[in-house]
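Examination of the molecular architecture
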Amino acid sequence: MISEQRKQYLIVNRDKISANKKRYYLENKESIIIKNHIRYETNKEISKEKSRKKYSENKNIFKERVKKYQIENKEKVAIGKRKNYLKNIDHYKSKNKEWRMKNPDRFKEHKLKLKYNISMEIYKVMLQNQKNLCAICNKPETSLDKTGKNVRRLAVDHNHITGKVRGLLCGKCNMSLG
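All of these numbers come straight from a predicted model, not from anything done at the bench. (Residues numbered from 1 in each chain as written. Predicted model: local features only at pLDDT ≥ 70, side-chain atom pairs only at ≥ 80, totals over all residues. Heavy atoms only, no water.)

A separate point is the packing of aromatic side chains. How two aromatic rings sit relative to each other is given by the distance of their centres and the angle of their planes. Per the counting criterion, the structure on display carries two aromatic pairs. Considering the side-chain rings of Y85 and Y92, the 5.5 Å spacing of their centres and the 35° angle between planes classify their relative orientation as tilted. Overall, Y85 belongs to the partly exposed group, its relative accessible area being 25%. On the basis of relative accessible area, Y92 is assigned to the partly exposed category, the value being 28%. Residue placement shows R100 over the ring face of F107; its charged tip is 5.5 Å from the ring centre. (Phe/Tyr/Trp six-rings, centres within 6.5 Å; stacked < 30°, edge-to-face > 60°. Buried < 20%, exposed > 50% of the residue type's maximum accessible area, 1.4 Å probe, protein only. Lys NZ or Arg CZ within 6 Å of the ring centre and 35° of its normal.)

Right, dumping it as structure tokens:
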């Protein structure tokens, strides 16, 4: 326990104490870093366990701090994410490909929303309205997907200037339009 007198002293001399600590650290930086590293290495498992325990007891507080930091430092976070992506680009590409193969419907839905601003439900309604046939030639899609096992979905035809969706087309009609 700290006595009241000591507390008062710390409050009154906060700036002076802080300046002294900074000065001492700057003068002894290398030896402090070495000592801390040695202390950490000798007590690595104990230190990790303490960190895990502290995190598990204060999970929400840590998450809030991270969220706050990310909001306040959006540009820094974006740069960091981009650097990490470029550093591990092969890993991310293989993970993304793996996810796309496991979740083809979710990937298609994501693409529809991103490129044409329509949901999978709207796509399905359009497909039903066209009776699963091309809007131009009134024939079903016959070309196969990349795997060569499944018939491709009808492509979304849209105005490239306005972005307005016009209908669903088979591969041949879509290619002929350009």
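Still more to cover.
Together, I2, Y9 and L10 line one region of the surface with nonpolar side chains, adding up to about 270 Å² of accessible area. With respect to the secondary-structure elements, I2 resides in the segment before α1 (4–12). (Patch = residues over 30% accessible without salt bridge, like charges linked within 9 Å, V, L, I, M, F, W, Y side chains within 5 Å. Areas by Shrake-Rupley, 256 points an atom, 1.4 Å probe, with all protein chains shown as cover. Salt bridge = Lys/Arg side-chain N within 4 Å of Asp/Glu carboxyl O. Helix = DSSP H or I, 4+ residues; strand = E, 2+ residues; numbered from the N terminus.)

Between helix α6 (residues 74–87) and helix α7 (residues 89–102), whose axes approach to 5 Å, the crossing angle comes to 85°. One way to sum up the angle between α6 and α7 is to call them roughly perpendicular. From α6, N84, Y85, L86 and K87 reach across to α7, where they touch I89, Y92 and K93. Along the lines of polarity and charge, the residues of the contact of α6 with α7 split into four nonpolar, one polar and two charged. (Axes fitted to C-alpha atoms, helices over the stretch in contact; angles between N-to-C directions. Parallel < 35°, antiparallel > 145°, perpendicular 65-115°, else oblique. Contact = heavy atoms within 4.5 Å. Nonpolar A, V, L, I, M, F, W, Y, C, P; charged D, E, K, R; others polar.)

Attention shifts here to a positive patch on the surface. Side chains of K97, R100, K111, K115, K146 and R152 sit close together on the surface and give a patch of like positive charge. Put simply, the parts of the chain that give the positive patch at least two residues each are α7 and α8 (104–116). Along the polypeptide, K115 turns up in helix α8. Residue classification places K115 among the exposed positions, given a relative accessible area of 53%. (Lys, Arg positive; Asp, Glu negative; His and termini not counted. Charge placed at Lys NZ, Arg CZ, Asp CG, Glu CD.)

What follows covers the pattern of salt bridges. Per the counting criterion, the structure on display carries seven salt bridges. Where E41 meets K44, a salt bridge forms, and the shortest distance between an N and an O atom there is 3.4 Å. A salt bridge links E49 to R52; the shortest N-O distance between them is 3.2 Å. Of the two residues, E49 and R52 are both situated in helix α4 (residues 44–57); the distance of three residues between them amounts to about one turn of the helix. Accessibility expressed as a relative area gives 47% for E49, which makes it partly exposed.

So, on to unusual backbone geometry. Non-glycine residue N117 carries a positive phi angle of around 55°. The topology assignment puts N117 in the loop between α8 and α9 (120–129). The class of N117 is exposed, set by a relative accessible area of 56%.

Moving on, we get to the side chain of K108. Assignment of secondary structure puts K108 in helix α8. Of the buried charged residues, K108 lacks a salt bridge, with D105 as the closest side chain of opposite charge at 9.4 Å. Contact partners of K108, with chain neighbours within four places excluded, come to M120 and R153.

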